[in-house]
Amino acid sequence: MQWDIVIGLEIHVQLATKTKIFSGSSTAFGAEPNTQANAVDLAMPGTLPVPNEQAFRYAVMFGLATNAEIGRRSMFERKNYFYPDLPKGYQTTQLAQPIVGPGHVDIDLADGTNKRVRIHHAHLEEDAGKSLHEDYHGMSGIDLNRAGTPLIEVVTEPDMNTAEEAVAFAKKLHSLVTSLGICDGDMSQGSMRFDVNISLKPKGSETLGTRTETKNLNSFRFMEQAIAHEVERQMDILEDGGTIIQETRLYNGDRDESRSMRSKEEANDYRYFPCPDLLPVEIDDAFIEDARARLPELPDARKARFKEQYGLNDYDAGVLSGDAKLSAFFEETMAHGKDAKLAANWIQGEFSARLNAEEKSVAESPISGAQLGALVTRIADNTVSSAGAKKVFEALWSGENDNVDAIIDAKGLKQVSDTGALESMVDEVLAGMPDQVAQYQGEEDPKKRKKMLGGFMGPLMKASKGQGNPKLFNEILVRKLGD
Amino acid sequence: MHNKSVAELSKELESGKISSLELTQQFLDRLKREDGKYNSFITISDEQALAEAESADEMRAAGKATVWTGVPFAHKDIFCTNGVRTSCGSKMLENFVPPYDATVTEKFKAAGAVCLGKTNMDEFAMGSSNESSFFGAVTNPWGLSNGEKRVPGGSSGGSAAAVAARLVPAATGTDTGGSIRQPAALCGITGLKPTYGRVSRYGMIAFASSLDQGGPMARSAEDAALMMNVMAGFDPKDSTCIDRDVPDYTATLNEPLKGLKIGLPKEYFSEQLSPAMEEQVRNAVREYEKLGATVKEVSLPNAKLAIAAYYVIAPAEASANLSRFDGVRYGYRCADPKDLMDMYTRTRAEGFGNEVKRRILVGSYALSAGYFDAYYLKAQKVRRLIQQDFINAFKEVDVLMSPVTPSPAFIQGEKTTDPVSMYLEDVFTIAINLAGIPAMSVPAGFVDGLPVGLQIIGDYFSEARLLNAAHQFQQVTDWHQREPQ
């Protein structure tokens, strides 16, 4: 049987405010447990919440960036449940009147088409603390540093039909919130967390199937795997004539397994009611216009500009405009290096590979855009070969030296571009390889000839101690070998 | 000294006849000697009081004294006091010492007032007789001479009894459904519940957040005005606190009452009120007529729904407000919990008293899926109707007058087994909290040797007018000066 997959997402986005949503404590990540939790965060008796204006501003900016209606009257509800890292015994969140109403985001797909994903709403709420289950001798530790960190929870319509679409949406959202500067986007620290709602229905059917929710996925890769896993699980059940139980599931990415967390019957009755400690917040035109004036260039506009200004192709422009920090890095590179295609290749190639290998973010890169730009300039003007450039990159990365030209000099990486010298090297090498020369000249197929040309490059580079300009060598070779 | 008012004690200190240290010591000695009869204090904080008295004397020597500098008083044990146990009348917080002050506490400290300790109260302010306190019932100073142990009212019963017994000249209270006015009436003192949002709730342990309001309890309207001058005002730490100028509440105490339009809500003079009580209240209203006021009957048609609406809204809010008492971070935790659920359930089963548990259950039920619309939403609609009744009434009259309670102080234990009859104690006070308007209880006579209170209800932010009306009444009557034997 053929199935349609229906996917909706709920995304928790931590807002990059300096202080918490209802208290003056710092939101910085990584401090000693409970050093960023004051009397309000600890829910000490008699303490009261005071809303953080910046969290509202960020939420409104998100709404404007997703073409959404802004809720003019924003209310908070209490969501009641007991958990040790939930200090008040309720989470302050929004239900009836969220700050961001219906909106939408357009995503680009690999086949070159794009798709509109509708956002049902996005609401403001406070994060919980963390329970620490290790190192406490059979007990649990509670760290309330995160308690009260502002979140927006973005809830989409079930508009996605493949894991690819869901991941494309998630990446687009990541790109949006980092570009807006309202979230640091650091998924390894939980700054964005995804819940995936999945259901299957017979192909073409109008009726939605029973859905499950897989919670707390914190990387794009796990999200993709979790969707594939859950689709397969549901398909197996349905094709065996079984029924899907509405439930919340947890996915273990390291083992590619999932298990049920709780069924609908076991779900809490959260007893939502309006929080009497917080008055409804009126969002007026002036506040919205102020937020609008703060909107930076958004990814779609940036992509268009990258194509226009730098002549990048659609793919390169898409990748480089997607992440705010990467975009900024690219533009810094371009301020110091003129060849956009070279810069794009180096950023997506060597640079990204090294960041990934060392699990570093762009911000943590030991190489600046200015340095990479200088290197790109030296590649473009034939001062170094790409092999030499890799050595320069290495020296920059390790911090051995921070000046591109100084590294080229010190390591003797400057290319020989003197045609006279290169010609005599070519003559010498060809003289030593008569069989290969004959074979080349006897070959008809241009593709094969081109490949065979590579066979001469090794010895040539060796002869020039790696300093011969490969481009010039190539030209000379073609001329000397003749047609 | 113990019979003097705040205003009089302030003059004594100013004249230099006595130092704050001496005055504080005298009050502490008397408090320790006498309170065995009433159990009106949970904690007497001698050490802190004497230290505050010393600083008060220094403040005065430096020429920085306010009216309150060096004057002793007490806080209801619901206001957090940095370094002094704040129990809220509960086993749950029996050993809780807050590392912060409530805003009200801070303000009295800044004025140089000397806090002698923390007064007894119904557990988490839930009760109308002060019998639900983990620290034992409070006995009303009135009726003791006949060998009767009567309730002081609640939940601010400790403050009311302490002021009536002259243990302190004044004390703070809080009022969610009548918890300042009802005990003030039963103990023959003066109490004011301000407009919701007039006094900061920060550091005042929450019962029902949309109804709770702190206010003064003293023997006279003048002293209540002096307390309001300290307590009232905007607080950036409380989002429901209103940013509005605070008048000098003593400045208008002597305005003449000629032309004051008084409304008598007919629903508050119903069969629930005993004829003897009604006579006292009507006598008091006649005094106002003599002072030049005019009187007419008005109607609050939805007043009869107030108790029902209140007992949905207040427990609903309380059910969430009290969730933080879970044994995880502070307060009581059961012994040897075997797992998390066991810790939660036994901590709360052992730490909360019966009335608190009853209200948590009622509140949780009212908020449950399937019942929310029928209970909580309906109660909120009723609340708006009640509010509208008062708004309409204040188009016709300046203030409303009524009894505070249906009957005088009852004997301890009389109503403890019948929660509904206990809830009806607040039948004349509860609607005021639902509407968020201010109201006072003023001593207005006696029935069977027990004090009767007159309730004066005003429009939003009319505290100055209420205090003025009460003060003028106290210039021509001496009910507020009667002392229990």
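Residues numbered from 1 in each chain as written. Chains lettered and ligands numbered in written order. Predicted model: local features only at pLDDT ≥ 70, side-chain atom pairs only at ≥ 80, totals over all residues.

Engineer: I'd like a description of the overall build of chain B, backed by residues and values.
Structural biologist: The helix and strand tally for chain B stands at 15 helices and 11 strands. On C-alpha atoms alone, chain B measures out to a radius of gyration of 21 Å, which is about the 23 Å that the 2.2 N^0.38 rule sets for 485 residues. Projected onto the principal axes, the alpha-carbon positions of chain B cover approximately 65 × 55 × 50 Å. The buried share among the 485 residues of chain B stands at 60%. Counting contacts in chain B only where the partners sit at least 6 residues apart, residues at least 24 apart contribute 77% of the total. (Helix = DSSP H or I, 4+ residues; strand = E, 2+ residues; numbered from the N terminus. Rg over C-alpha atoms; globule rule 2.2 N^0.38 Å. Buried ≥ 20, exposed ≤ 12 C-beta atoms within 10 Å, placed from the backbone. Contact = placed C-beta atoms within 7 Å.)

Engineer: So, the overall build of chain A: which residues are in play, and what are the values?
Structural biologist: Check the secondary structure of chain A and you find 15 helices and 15 strands. Principal axes of the C-alpha set define a box for chain A whose edges measure 90 × 55 × 55 Å. A buried classification covers 40% of the 483 residues belonging to chain A. Expressed as a percentage of contacts within chain A between residues at least 6 apart in sequence, the contacts between residues at least 24 apart total 69%.

Engineer: How would you explain the sheet that holds strand β3 (residues 77-80) of chain A if you had to name every residue and give the values?
Structural biologist: Residue and element names in this part refer to chain A. Spatial ordering of the open sheet is given by β4-β3-β14, a layout of 3 strands whose pairing is antiparallel. The sheet terminates laterally at β4 (90-93) and β14 (273-274), the two strands that pair on one side only. Taken together, the 2 bridges between β3 and β14 define a ladder with antiparallel strand orientation. If you follow Arg78 over to β14, its bridge partner there is Phe273. (Pairing = 2+ DSSP bridges.)

Engineer: Residue-level account of the packing of helix α5 (residues 299-310) of chain A against helix α6 (residues 314-322) of chain A, with values.
Structural biologist: Residues and elements named next belong to chain A. Across the interface, α5 lies against α6 with an axial gap of 8 Å and an inter-helix angle of 135°. Viewed along their axes, α5 and α6 adopt a mutual orientation that is oblique. α6 is crossed by α5, and the crossing has right-handed handedness. Across the interface between the two elements, Pro299, Arg302, Lys303, Phe306 and Lys307 of α5 pack against Asp314, Ala317, Gly318, Leu320, Ser321 and Gly322 of α6. Each residue belonging to the contact of α5 with α6 can be placed in one class, and the counts come to 4 nonpolar, 3 polar and 4 charged. (Axes fitted to C-alpha atoms, helices over the stretch in contact; angles between N-to-C directions. Parallel < 35°, antiparallel > 145°, perpendicular 65-115°, else oblique. Left-handed = near helix turned anticlockwise from the far one by under 90°. Nonpolar A, V, L, I, M, F, W, Y, C, P; charged D, E, K, R; others polar.)

Engineer: Describe the domain arrangement of chain A, naming the residues involved and giving the relevant values.
Structural biologist: Looking at chain A, the domain boundaries give domain 1 (3-291), domain 2 (297-411) and domain 3 (419-481). Using C-alpha coordinates to define each centre, domain 1 of chain A is positioned 60 Å away from domain 3 of chain A. (Domains from an automatic or database assignment.)

Engineer: Before we move on, can you summarise the interface of chain B and chain A with the specific residues and values?
Structural biologist: Of the residues lining the interface, 35 residues belong to chain B; the matching set on chain A comes to 26 residues. It is helix α9 (residues 306-321) of chain B that provides the largest number of residues to the side of chain B that touches chain A, a total of 3 residues.

Engineer: Break down the nonpolar core for me, citing the residues and quoting the values.
Structural biologist: Generally speaking, soluble globular proteins have nonpolar side chains that are buried together. If you look at the biggest cluster of nonpolar residues, it comprises 205 residues, and the most contacted ones within it are Ala59 and Phe62 of chain A together with Ile456 of chain B. In this structure Phe62 of chain A touches Val100, Ala122, Ile152, Val177, Leu180 and Ile182 of chain A, once residues within four positions along its chain are discounted. (Core = buried A, V, L, I, M, F, W, Y, C linked by C-beta atoms within 7 Å.)

Engineer: Describe the pairing of strand β6 (residues 114-126) of chain A, naming the residues involved and giving the relevant values.
Structural biologist: All names here are of chain A. Across 6 bridges, strand β5 (residues 103-108) lies against β6 in antiparallel orientation. Paired with Ile107 across the strands is Lys115, a residue of β6. Hairpin connection, β5 to β6: the antiparallel pair is bridged by 5 residues, and Gly112 has positive phi, about 90°. Of the pairings in the sheet, the one linking β6 to strand β9 (residues 150-156) comprises 7 bridges and is antiparallel in character.

Engineer: Outline the pairing of strand β12 (residues 247-252) of chain A, listing residues and values.
Structural biologist: Residue and element names in this part refer to chain A. Both strand β11 (residues 212-217) and β12 contribute to a ladder of 4 bridges, which runs parallel. Bridging across to β12, Thr214 finds its partner in Arg249. The parallel pair β11 and β12 is bridged by helix α3 (residues 220-239), and the resulting crossover is left-handed. Here β12 runs beside strand β13 (residues 257-263); their pairing, made up of 6 bridges, is antiparallel. (Right-handed = clockwise from strand over helix to strand, strands pointing away.)

Engineer: Go over the sheet that holds β5 of chain A, please, and point to the residues and values.
Structural biologist: Hydrogen bonds between backbone atoms are what pair the strands of a sheet, whose relative direction is either parallel or antiparallel. Residue and element names in this part refer to chain A. On the basis of which strands lie adjacent, the open sheet formed by 8 strands has the order β5-β6-β9-β1-β10-β11-β12-β13 and mixed pairing. At either margin of the open sheet sits one strand with a lone partner, and together these are β5 and β13. Adjacent strand axes in the sheet meet at a mean angle of 30° when their direction is disregarded. Sitting on the sheet, helix α1 (residues 53-65) touches β5, β6 and β9, and the angle it makes with β6 is about 165°. Strands β1 (3-14), β5, β6, β9 and β10 (192-202) of the sheet are contacted by helix α2 (residues 163-180), whose axis makes an angle of about 115° with β5.

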